[in-house]
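# Structure at a glance
Chain by chain, the residues:
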Amino acid sequence: MDQKLSNGHANDPPSSNGHQDSSQPVQEDNTLGKMRKGSPDSFCDLRGGPSMPLFGMDIGGTLTKLVYFEPDNIDDFDQAEQQTLRTIHRYLMGSTAYGTTGIRDVHLEMKEQNICGRQGRIHFIRFPTSQMPAFIDLAKYRKFSGLASGICATGGGAYMFEDVFESEVHLQLHKYDELDSLVKGIHYIDRYNLNSECYYFCNPLDPSSCEKMPFNFQDPYPYLVVNIGSGVSILSVRSKSQYSRVSGTSLGGGTFLGLCCLLTGCETFEEAIELASRGDSENIDKLVKDIYGGDYNKFGLKGDAVASSFGQMMSKEKRKSAKKEDLARATLVTLTNNIGSIARMCAKTEKIERVVFVGNFLRVNTISMKLLAFAMEYWSNGSLKALFLEHEVCIRIAICKILLSQCLDFRFVDP
Ligand SMILES: Nc1ncnc2c1ncn2[C@@H]1O[C@H](COP(=O)(O)OP(=O)(O)OP(=O)(O)O)[C@@H](O)[C@H]1O
Ligand SMILES: CC(C)(CO)[C@@H](O)C(=O)NCCC(=O)O
């Protein structure tokens, strides 16, 4: 992140079309208690630098999330460790932007966190996974290996980059499964961070009175998690220790961004969302009323429901007059509705009423959140509730706290 970051990498999710639970064998239940591979002692032995781990990483298909634990008091570290900690601290806290693509999300910072008996705060940094080669150079240059011989990592990139971290940075990646981490992170963040972490949109069918309301997430089971990252994973969570991945779709956040860049020439997610916020998807989609002249009453399809996403683009004239704002909006609406529809079917099959939507696709993306809230309510006649999490909806970043904690045999204690 020091220099302009360059090389990309090929971490494309396996391609598949959206599929429903029936076509996807339900995996065996995972037991979160079995998450760690090594013994607590083996993790302690792996430490090289300061007497606690300071970083955790989630290396996803699009974004890498890095967490840094800043102890409040470093007086009891030895001199060399204090020096390293100060250097790291100066570098990370001296700015909120690193190079051209690294960002520290200041508003996500978690204060008064306790890790391994130490008070401190957790900082959240993200950068595109395509910049990993530059991050590796930085880690070499800043001598991250002086801080620990191992670092906890999750996401597909923990596997993809394991060898290069070991050979180039001399850091061993302790790998944790991304979905185990996700579920654990949700439980953690709701219990520990946080007053009213979870919320929903009341009156989702009425834009004028639709607003955010806190949701009490105590005793949440069973619930569905829809993790919208590059691709989408859908999990059915039955208890604190049991979940299964019931479905997924390759039509996810990466698809939105990829298509939007293709269709509008935009270059960033923020730009795509900003364009979408000014667009009207009805200029692009074909609605039921464009086909029926009104509602399709026999099967309860309202005239303003989308009959065919991008359906108007078959006309040359309409294509010519399509604005990029409208194309961005239609792309967003198409992807969001498709995810909502798969989630709804999964909820029905699993007989679950609460659906928690997470993942960075929802970052700065109230349009999709409200659309999902609307879709869950509308298509289920009010029996399904779409839930969201305050922590900028990207819970997987919070898992890193768990990862950090686990390095020293931290127990996941009920308050
Ligand atoms: N600054 C950003 N740059 C790129 N994509 C972003 C950004 N902010 C939000 N997004 C959206 O978030 C998605 C990535 O979400 P997330 O970080 O949860 O997934 P990931 O871990 O990269 O992917 P996966 O879990 O599938 O491996 C992108 O595909 C895009 O839609
Ligand atoms: C491959 C992962 C799990 C990587 O996070 C994710 O991008 C995903 O769930 N993709 C969808 C794959 C599918 O079920 O079609």
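Residues take numbers from 1 onward in each chain, read along the sequence in its written order. Lettering for chains starts from A, numbering for ligands starts from 1, and both go in the order in which the items are written. Note on the predicted model: pLDDT of at least 70 is required for a residue's local features to be given, and 80 or more for side-chain atom pairs to be given and counted; whole-chain, interface and lining totals, by contrast, use all residues. Side-chain metrics rest on all non-hydrogen atoms present in the structure, leaving aside hydrogens and water.

Going by the annotation in an unreviewed UniProt entry, the name recorded for the protein is pantothenate kinase, with Elysia chlorotica given as the source organism. According to its UniProt record, the protein has this under Pathway (unreviewed entry): "Cofactor biosynthesis; coenzyme A biosynthesis; CoA from (R)-pantothenate: step 1/5." UniProt positions are given in the numbering used here, feature names are shortened, and annotations may be inferred rather than shown by experiment. You can read under Catalytic activity (unreviewed entry) in the UniProt record for the protein the words "(R)-pantothenate + ATP = (R)-4'-phosphopantothenate + ADP + H(+)".

## Section: the packing of helix H8 (residues 269–277) against helix H11 (residues 324–350)
Helices that pack against each other are described as a pair by the angle of their axes relative to one another and the distance between those axes. The N-to-C vectors of H8 and H11 enclose an angle of 105°; their axes lie 7 Å apart at closest approach. Judged by the angle between their axes, H8 and H11 are roughly perpendicular. Here Ala-272, Ile-273, Leu-275, Ala-276 and Ser-277 of H8 lie close against H11, whose contacting residues are Lys-324, Glu-325, Ala-328, Arg-329 and Leu-332. All amino acids are sorted into three groups, where Ala, Val, Leu, Ile, Met, Phe, Trp, Tyr, Cys and Pro are nonpolar, Asp, Glu, Lys and Arg are charged, and the leftover types, Gly among them, are polar. Here the contact of H8 with H11 is composed, by residue class, of six nonpolar, one polar and three charged. Fitted lines through C-alpha atoms give the axes, limited to the stretch in contact for helices. The angle between two N-to-C directions lies from 0 to 180 degrees. Here a strand is any run of E in DSSP of at least two residues, a helix any run of H or I of at least four, and the numbering for each starts at the N terminus. In these notes the angle categories are as follows: under 35 degrees is roughly parallel, over 145 is roughly antiparallel, 65 to 115 is roughly perpendicular, and the rest is oblique. Here, two residues are considered to be in contact whenever any of their heavy atoms come within 4.5 Å of each other.

## Overview of the environment of Glu-70
Looking at the element boundaries, Glu-70 is found in strand E3 (residues 63–71). Glu-70 sits 252 residues away from Ala-322 along the chain, and the two C-alpha atoms are 49 Å apart. Here Glu-70 is in contact with His-89, Met-93, Gln-119, Gly-120, Arg-121 and His-123, once residues within four sequence places are set aside.

## Quick look at helix H7 (residues 253–264)
Each helix should span, by expectation, one fewer than its residue count multiplied by 1.5 Å. Given a rise of 1.5 Å per residue, 12 residues ought to cover 16 Å, and the 16 Å separating the end C-alpha atoms of H7 matches this to within 8%. Classification of residues uses two cut-offs on accessible area relative to the type maximum, computed with a 1.4 Å probe and protein chains only: under 20% is buried, over 50% is exposed, and between them is partly exposed. Here H7 has its buried residues at Gly-253, Thr-255, Phe-256, Cys-260 and Thr-264. Here the buried residues of H7 occupy an arc of 155° about the axis, which is enough to place them on one side. Along its buried surface, H7 packs onto strand E12 (223–228), H8 and H11. Directions from the helix axis toward the C-beta atoms define the arc.

## What to know about the pattern of salt bridges
Every case where a carboxyl oxygen of Asp or Glu lies within 4 Å of a side-chain nitrogen of Lys or Arg is listed as a salt bridge. Going through the model one piece at a time under the given rule, you end up with nine salt bridges. For Glu-168, the salt bridge identified is with Lys-140, shortest N-O distance 2.7 Å. Taken together, the residues Glu-168 in helix H5 (residues 162–169) and Lys-140 in helix H3 (residues 132–141) connect sequence positions 28 residues apart. Between Arg-363 and Glu-270 there is a salt bridge; the shortest N-O distance is 2.9 Å. Taken together, the residues Arg-363 in the loop between strand E17 (354–358) and helix H12 (366–379) and Glu-270 in helix H8 connect sequence positions 93 residues apart.

## A few points about the confidence of the model for the protein
pLDDT: the predictor's confidence for each residue, scored from 0 to 100. Here the protein averages 81 in pLDDT, and 78% of its residues register 70 or above. Scored below 50 in pLDDT, residues 1–51 makes 119 contacts in the model with residues more than four places away or belonging to other chains. In the model, residues 407–415 has pLDDT below 50 throughout and makes 27 contacts with residues more than four positions away in sequence or in other chains. Two summary scores accompany this predicted model of the complex, namely pTM at 0.86 and ipTM at 0.99.

## Observations concerning the nonpolar core
Residues enter a nonpolar core if they are buried and are Ala, Val, Leu, Ile, Met, Phe, Trp, Tyr or Cys, with the set joined through side-chain atoms within 4.5 Å. Grouped together as the largest cluster of nonpolar side chains are 38 residues, with contacts concentrated most on Val-226, Ile-228, Phe-256, Val-355, Phe-357 and Phe-388. Counting residues per element, this core draws most heavily on H11, which supplies eight residues.

## Points about the domain arrangement of the protein
What marks off one domain from the next here is an automatic or database domain assignment. The domain boundaries assigned to the protein delineate domain 1 (47–189 + 397–406), domain 2 (198–279 + 323–389) and domain 3 (285–321). Here the C-alpha centroids of domain 1 and domain 2 sit 28 Å apart. Each partner contributes residues to the interface: domain 1 has 12 residues there, and domain 2 has 18 residues. Note: buried area is the sum, over both parts, of the accessible area (probe 1.4 Å) each one loses when the two are combined. With both sides pooled, the region where domain 1 packs onto domain 2 buries about 1,200 Å², and carbon together with sulfur makes up 64% of that total. Looking only at domain 1, the three residues that lose the most surface to domain 2 are Leu-179, Ile-186 and His-187, adding up to 43% of its buried area. Counting across the domain 1 and domain 2 interface gives zero salt bridges. Among the elements that take part in the side of domain 1 that touches domain 2, helix H6 (residues 178–192) stands out by supplying six residues, more than any other. Within the side of domain 1 that touches domain 2, the residues separate by chemical class into five nonpolar, three polar and four charged.

## Remarks on a negative patch on the surface
Without a salt bridge and with relative accessible area above 30%, a residue can belong to a patch; like charges are then joined within 9 Å and nonpolar side chains (Val, Leu, Ile, Met, Phe, Trp, Tyr) within 5 Å. A 1.4 Å probe and the Shrake-Rupley method give the accessible areas. Residues count as covered only by the protein chains that appear here. Note that His is not counted, nor are the chain ends; the positive residues are Lys and Arg, and the negative ones are Asp and Glu. For this purpose, a charge sits on NZ of Lys, CZ of Arg, CG of Asp or CD of Glu. The grouping of Asp-280, Glu-282, Asp-290, Asp-295 and Asp-304 at the surface amounts to a negative patch. For Asp-290, the location among the structural elements is in helix H9 (residues 288–292).

## Details of the packing of H7 against H11
Packing of H7 against H11 leaves a shortest axis separation of 9 Å and a crossing angle of 160°. As judged from the angle between their axes, H7 and H11 are roughly antiparallel. With respect to the hand of their crossing, H7 and H11 are arranged in right-handed fashion. Of H11, the residues touching H7 (which contributes Thr-255, Phe-256, Leu-259, Cys-260, Leu-263 and Thr-264) are Lys-324, Leu-327, Ala-328, Thr-331, Leu-332 and Leu-335. Each helix crossing is assigned a hand: it is left-handed if the near helix lies turned anticlockwise from the far helix by less than a right angle, otherwise right-handed if that turn is clockwise.

## Side note on H12
Over its 14 residues, H12 runs 20 Å from end to end, which matches the ideal 20 Å to within 8%, given 1.5 Å per residue. Where H12 is concerned, the buried positions are Ile-367, Ser-368, Met-369, Leu-372, Ala-373, Ala-375 and Met-376. Lining the buried residues of H12 we find strand E10 (198–202), E12, H8, H11, E17 and strand E18 (385–389). Within two residues after H12, Asn-381 carries a phi angle of roughly 55°, on the positive side.

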